[in-house]
Amino acid sequence: LGRCCVHKERAVWKYKSFPLMGFDMSDETDELTPLSEYARKALERKGQQQKDNILCVIDEACSSCVQTNYEITNLCKGCVARACATNCPKNAIEFNRAGKAVINHDLCISCGICHSNCPYHAIVYMPVPCEEACPVKAITKDERGVEHIDESKCIYCGKCINSCPFGAIFEISQVFDVLQRLREGEKMVAVVAPAILGQYNAPTEKVYGAIKAIGFEDVIEVAQGAMETIRNEGAELEEKIEEGQAFMTTSCCPAFVNYIKKHFPELVGNISTTVSPMCAVSRMLKAKDPETVTVFIGPCIAKKSEAQDKSIEGNADFVLTFGEIRAMMRAKGVELEPEENTSQEASVFGKRFGNGGGVTEAVVECLKESGESTDIKVARCSGIAECKKALMLFKLGKLPEDFIEGMICEGGCVKGPVSSAKNKN
């Protein structure tokens, strides 16, 4: 028992089951409805996951973080200088009968000036982990102290999920949808990201064998699509440079694309129009057999938003994270058994696509092979801070590079929010 009572604990686990079945809290109309009813609805659901939101907050679990960011401890000496009160822009510092400082939180704006001016370090900063982790300030508390995600700002980087110490933030899962289609015998092909090679202490053929044992007809490396993306992106870059366009960005990281669309909309025209490797492979498979259902498996939550983008034709039908495929293996008792797989034809550059700098390296190599000029200046941006810096420099007219490789996850996809490096479970 980790909370106040067994009833609270049961409620939390009930609502944590909602996103695992493809629902969120808004889908509950009667709290007396049993979980089995939601499971039935999930199994009967047809078509791709249709919920607009990718992430959700379990309000029953999100109730323990502090409402205020600054508090004065008993280390306060009640000094005569009163630097905290003197420098407070809102006169929010008051003093009790003992002469100790107290913050009036009705007036406090959490600017931190009192914290930086206290000579005794008696004022502490108490962060809200998810808010502090969010690089785009898309998550804030409501009047009940429950966090809410602003979809107009969220880029689905997943940092809030990993930072929440109460496990109150979830991505909406498509596991039920995939399992039901596997049960019905639909032709489903798993399209795996290159980062999967670092998720298991086992040879590649054993990992792919385990995925096929779940019920997938085949396992294809998304790195095969990366090669097509590389060729098209390289040609597009050359063309835009010749046309005099100031710069072009990669389109492979959906969180980076979301970041530009939502926070730098004036730069949308500079995003490469080349589809991501996930989409390229999905189109290739559907061209061979239109009945094929493609399921992307990777370390990225933002890929779910890319798959839901109706403007991209032929993209993956479903997206699972490494954590979800692990759970499916455990649930079905699947072991890492070897399985011959002859569909892996991607080059080493395609396999490195998920590494920071891997896209640029592949594009330059492709330009070399085609005999095109490789005298291009590249900004390799690893992490949102570097991405923001490059985009701001361009807005100021001070970006010297022609090409921006944007990776919201530091180090690239191999350190995605649901990779083994980030997975707490």
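That block above? That's the structure.
The present account deals with the structure reproduced in this document. (Residues numbered from 1 in each chain as written. Predicted model: local features only at pLDDT ≥ 70, side-chain atom pairs only at ≥ 80, totals over all residues. Heavy atoms only, no water.)

**With respect to the overall build of the protein**
Okay, so step 1: A count of helical and extended segments in the protein gives 16 helices and 15 strands.
Okay, so step 2: When the 425 residues of the protein are sorted by exposure, 51% land in the buried category. (Helix = DSSP H or I, 4+ residues; strand = E, 2+ residues; numbered from the N terminus. Buried < 20%, exposed > 50% of the residue type's maximum accessible area, 1.4 Å probe, protein only.)

**With respect to the environment of proline 277**
Okay, so step 1: Summarising the element assignment, proline 277 is placed in helix H11 (residues 277–288).
Okay, so step 2: Its relative accessible area of 7% is what places proline 277 among the buried residues.
Okay, so step 3: Between the alpha carbons of proline 277 and alanine 193 there is a distance of 9.1 Å; along the sequence they are 84 residues apart.

**Remarks on the nonpolar core**
Okay, so step 1: Counting 58 residues, the largest nonpolar core has Leu55, Ile169, Phe256, Tyr259, Leu391, Ile404 and Ile408 as its most contacted members.
Okay, so step 2: With five residues, the single largest contributor to this core is helix H10 (residues 254–263).
Okay, so step 3: Setting aside residues no more than four positions away along its own chain, tyrosine 259 makes contact with Val136, Ile155, Phe264, Ile384, Lys388, Leu391 and Ile408.
Okay, so step 4: The next biggest cluster of nonpolar side chains, apart from the first, holds 38 residues, and it includes Leu182, Ile211, Val222 and Met328. (Core = buried A, V, L, I, M, F, W, Y, C linked by side-chain atoms within 4.5 Å. Contact = heavy atoms within 4.5 Å.)

**Section: the pattern of salt bridges**
Okay, so step 1: Counting across every chain of the model gives 14 salt bridges.
Okay, so step 2: Between glutamate 147 and lysine 141 there is a salt bridge; the shortest N-O distance is 3.6 Å.
Okay, so step 3: On the basis of relative accessible area, glutamate 147 is assigned to the buried category, the value being 2%.
Okay, so step 4: One salt bridge connects aspartate 289 with lysine 187, and the closest N-O pair in it is separated by 3.0 Å. With aspartate 289 in the loop between H11 and strand S12 (293–298) and lysine 187 in the loop between helix H7 (175–183) and strand S9 (188–192), this residue pair connects regions lying 102 residues apart in the sequence.
Okay, so step 5: Residue classification places aspartate 289 among the partly exposed residues on the basis of a relative accessible area of 22%.
Okay, so step 6: Relative accessible area serves as the criterion here: at 28%, lysine 187 is assigned to the partly exposed category.
Okay, so step 7: Shared partners join several salt bridges into a network, and the residues in it are Glu37, Arg40 and Glu44. (Salt bridge = Lys/Arg side-chain N within 4 Å of Asp/Glu carboxyl O.)

**What to know about the packing of aromatic side chains**
Okay, so step 1: With the rule as written, the count across this model stands at five aromatic pairs.
Okay, so step 2: On the numbers, 5.2 Å between centres and 45 degrees between planes, the contact of tyrosine 70 with tyrosine 125 is tilted. With a gap of 55 residues between them, tyrosine 70 in strand S2 (residues 70–72) and tyrosine 125 in strand S5 (residues 123–125) connect regions that are remote in the sequence.
Okay, so step 3: These aromatic residues form a ring-pair network of at least three members: Tyr15, Phe18, Phe23 and Tyr38.
Okay, so step 4: Arginine 82 extends its terminal NZ or CZ atom over the ring of phenylalanine 95, reaching a point 3.8 Å from the ring centre.
Okay, so step 5: Sitting over the face of the ring of phenylalanine 296, lysine 303 holds its NZ or CZ atom 5.6 Å from the ring centroid. (Phe/Tyr/Trp six-rings, centres within 6.5 Å; stacked < 30°, edge-to-face > 60°. Lys NZ or Arg CZ within 6 Å of the ring centre and 35° of its normal.)

**Notes on the pairing of S9**
Okay, so step 1: Burial within S9 is extensive, with five of its five residues counted as buried.
Okay, so step 2: On S9, burial covers both faces: Met188, Ala190 and Val192 on one face and Val189 and Val191 on the other are all buried.
Okay, so step 3: Note: S9 against S12, five bridges, orientation parallel. Across the sheet, residue alanine 190 finds its bridge partner in S12, namely valine 295. (Pairing = 2+ DSSP bridges.)

**Notes on the sheet that holds strand S10 (residues 218–221)**
Okay, so step 1: Read across the open sheet, the four strands follow the order S10-S9-S12-S13; overall the sheet is parallel. Strands with a single pairing partner mark the edges of an open sheet, and in this sheet they are S10 and strand S13 (318–321). Here the strands of the sheet are splayed against their neighbours by 30 degrees on average, with no regard to which way each runs.
Okay, so step 2: Contacts between helix H8 (residues 204–214) and the sheet are confined to S9, S10 and S12, with S10 contributing the most and set at about 135 degrees to the helix. (Axes fitted to C-alpha atoms, helices over the stretch in contact; angles between N-to-C directions.)

**Section: the sheet that holds strand S15 (residues 403–407)**
Whenever strands of a sheet pair, they do so through backbone hydrogen bonds, lying parallel or antiparallel.
Okay, so step 1: As summarised here, the arrangement of the three strands in space is S11-S15-S14, forming an open sheet in which the pairing is parallel. The open sheet has two edge strands, strand S11 (248–249) and strand S14 (378–382), and neither has a second partner.
Okay, so step 2: As defined by bridge partners, S11 adjoins S15 across two bridges and the pair is classed as parallel. Paired with methionine 248 across the bridge in S15 is phenylalanine 403.

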